[in-house]
Amino acid sequence: MSDEMKIQTMMHEQRVFEPSTNGSKDAHVPDMDAYEALYKQSMDDPESFWMQRTQELLDWKTSPETALEWDFSIPEIKWFQGGTLNASYNCLDRHLENGRRNKAALIWQGEPDEDVRVFTYQMLHSEVCAFANVLRSRGVKKGDTVALYMPMIPELPIAMLACARIGAIHSVVFAGFSAMSLQNRIQDCEAKILVTADAVLRAGRTIPLKPNADEALAACPTVKQCIVVSRAGLDVDMKPERDCWWHDCLTDSMHSECSPEVMDAEDPLFILYTSGSTGKPKGVVHTTGGYLTYAASTTQQVFDLKDNDVYWCTADCGWITGHSYIVYGPLCLGGTSLMFEGVPSWPAPDRFWQIVEKFGVNIFYTAPTVIRALMREGVEWTRRHDLSSLRVLGSVGEPINPEAWIWYLEHIGHGKLPIVDTWWQTETGGIMISAMPAATPLKPGSATLPLPGVDIAIVDDNGNEAPPNQGGHLVVRKPWPGMLRGVWKNPERFKETYFSRFPGMYEAGDGARRDDDGYFWVMGRLDDVINVSGHRMGTAEIESALVAHPAVAEAAVVGMPHDVKGETIYAYVILGADEEESDELMKELRVWVRKEIGPIAAPEFIQFADELPKTRSGKIMRRVLRKIAAGIRDEFGDTSTLADPGVIIDLQDGRDDML
Ligand code: PRX
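Quantities reported herein were computed from a predicted structural model and do not represent experimental measurements.

Chemist: Teacher, can you tell me more about the UniProt feature "domain: AMP-dependent synthetase/ligase" (unreviewed entry) in the chain here?
Modeler: UniProt records the feature "domain: AMP-dependent synthetase/ligase" (unreviewed entry) for residues 99-488 in the present numbering. As a span, residues 99-488 carries 29% helix and 23% strand, and end to end its C-alpha atoms are 39 Å apart.

Here it is as structure tokens:
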């Protein structure tokens, strides 16, 4: 289905599903009246709303004096000034006293089915204290940065919480990124220590990770020490003066208490790099008090998390979804969070459903791309397992097409479970638009309504609120506690990216419309960011990787609609004068990008071209390139500014030859 057609189906989607758990009076937001009352209260007086919310959800060492100080024109946002707290204390210590000491905090399912580890709150506390003591003993202090480049193993959340405990700022780098990507991020955040592992287990393979870390660290002078978890038992090259095995760093005495550092509300908790439309990935900064309040608040309201639930978010901790909805949100609430190391399709396409049955999962949160991929495998895989424990289903990362939504409902949700389609971003820290499972009538493909405390709107190109059903830019008009506080070491980029086009508002970069019921329908990015399987990639990054190859003179990258991935990467490449087009070179370029950025950035299609469609002033017309990649033969809009309109035909012919 083409992009256009998908949007058309979404525009015509009329079905409404009333909440089946309506009447579940014990839900955190039991019905629509409760949602509306909360929303109104939060808009009438956002500061008291959030002050009350944070007092309910967190244990502050010193209570905040003011809720909010802000000025989007600087921009500056400060939540809960005067308050002090520690995030790891809130996620661990306080649960030791409130009856949850022996409750499972983290259930870890490794890729091999027999690899299961369960950590009660007491056990997790002990492991986090131990690793925090390791970091402290190695000279990591409050305000230092620590890079984590690790597979989905328990040591990853343990390391995150250990950093939080001693006031160090963690920066998790997804283990699927290349050595170069890791290096760029470490150089930018100037990490003092890197924590990594020997290898990643994925789909039955053992993929070495430590060599990437070594390659990255060759040009990272700030990193003096590297701690390595043995996941696969590989015999890796260790540099004695720099490297230490995780298990060798930990001595018994380390397991004693490690006093949590007292942090100001606005002290940074972590940096997470994300792609933008220009330049290198930017380090999004989240701070302690506001982020934790928001992660906890949204986990509670959107998933209706209860004490007895087994809650499973299938994301990787290398992305924001893993930060907020595997680690900080559920643990802050004292929940049981399931963490999975493997992939949905290995050893067979029922892996997820088998895990749901094995642990009696109640709340399941995944991405549309996973649903679409599993849908293709056929319903027999879902029928093999008892999925009756499920109560709430979630979706995140990209718009979910109504077809996938209905499949999710029918085959995973017993035809009646609420599906919360959650719209948010790395920058927002937590969910911004979503249904509440017991309250909100659902429309397939719509993320529905803003969460309490979120003043979100759609504006036209001039910044005026768009009338119902008219597409426009998604903006947020007031701060919310989970919002980013900056781009690491780059205040200009912070201002320029989010606050310059529409003064006084946060610009999300997404296009959306609101229907007559006020429901949001998010259409996707309006900038040069593409969304491949829910992963955000900047086209500029991929282009700069391609042109770094000696054979490439120029490159333009666009997203092409893809049935499973949402979008896939399509690159137009102009070779240098003496270079020959060949299949080998195409393969080489793919490998090159994998090495420069990581496998997720490798273009699926590479079209060699003689010329790109450019305006007379030399600007590439990406709109035209997107249409050609999608196989659209007309509807190019105004091409009168094209220097050479004949380029379009040549590129179309080239595409036809290639596909
Ligand atoms: O375009 C939106 C899309 O993903 C972008 C954010 O990507 P990232 O920062 O990597 O965070 C992903 C996980 C929160 C958004 O700008 N997006 C995310 N969720 C949805 C979505 N688009 C439509 N519907 C969603 N539910």
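Chemist: Quick question: what am I supposed to make of the UniProt feature "domain: AMP-binding enzyme C-terminal" (unreviewed entry) in the chain here?
Modeler: When the UniProt feature table is mapped onto this chain numbering, "domain: AMP-binding enzyme C-terminal" (unreviewed entry) sits at residues 541-619. Secondary structure across residues 541-619 comprises 27% helix and 32% strand; the distance between its end C-alpha atoms is 17 Å.

Chemist: Would you mind going over the environment of Cys-163 with me for this structure?
Modeler: Structurally, the position occupied by Cys-163 is in helix H6 (residues 155-166). Sequence separation between Cys-163 and Gln-109 is 54 residues; the distance between their C-alpha atoms is 23 Å. Discounting chain neighbours no more than four positions away, the residues touching Cys-163 are Leu-135, Val-146, Ala-168 and His-170.

Chemist: How should I be thinking about a negative patch on the surface in this particular structure?
Modeler: Taken together, the side chains of Asp-578, Glu-579, Glu-580, Glu-581, Asp-610, Glu-611, Asp-644, Asp-650, Asp-653 and Asp-657 present a region of like negative charge at the surface. By the secondary structure assignment, Asp-610 is in the loop between strand E30 (605-608) and helix H19 (622-629). Residue classification places Asp-610 among the exposed positions, given a relative accessible area of 71%.

Chemist: What exactly am I supposed to notice about the sheet that holds strand E22 (residues 472-476) here?
Modeler: Within a sheet, each strand pairs with its neighbour through backbone hydrogen bonds, oriented either parallel or antiparallel. Pairing in this open sheet of four strands is antiparallel, and the strands run E21-E22-E24-E25 from one edge to the other. Two strands close off the open sheet at either side, each with one partner strand: strand E21 (456-459) and strand E25 (520-525). When strand polarity is set aside, the average angle formed by the axes of neighbouring strands in this sheet is 45 degrees. Bridge count between strand E24 (residues 506-514) and E25: five bridges; the pairing is antiparallel. Pairing of Arg-513 across the sheet is with Trp-521, part of E25.

Calculation rules
Residues numbered from 1 in each chain as written. Predicted model: local features only at pLDDT ≥ 70, side-chain atom pairs only at ≥ 80, totals over all residues. Heavy atoms only, no water. UniProt positions renumbered as here; feature names shortened; annotations may be inferred. Helix = DSSP H or I, 4+ residues; strand = E, 2+ residues; numbered from the N terminus. Contact = heavy atoms within 4.5 Å. Patch = residues over 30% accessible without salt bridge, like charges linked within 9 Å, V, L, I, M, F, W, Y side chains within 5 Å. Areas by Shrake-Rupley, 256 points an atom, 1.4 Å probe, with all protein chains shown as cover. Salt bridge = Lys/Arg side-chain N within 4 Å of Asp/Glu carboxyl O. Lys, Arg positive; Asp, Glu negative; His and termini not counted. Charge placed at Lys NZ, Arg CZ, Asp CG, Glu CD. Buried < 20%, exposed > 50% of the residue type's maximum accessible area, 1.4 Å probe, protein only. Pairing = 2+ DSSP bridges. Axes fitted to C-alpha atoms, helices over the stretch in contact; angles between N-to-C directions.

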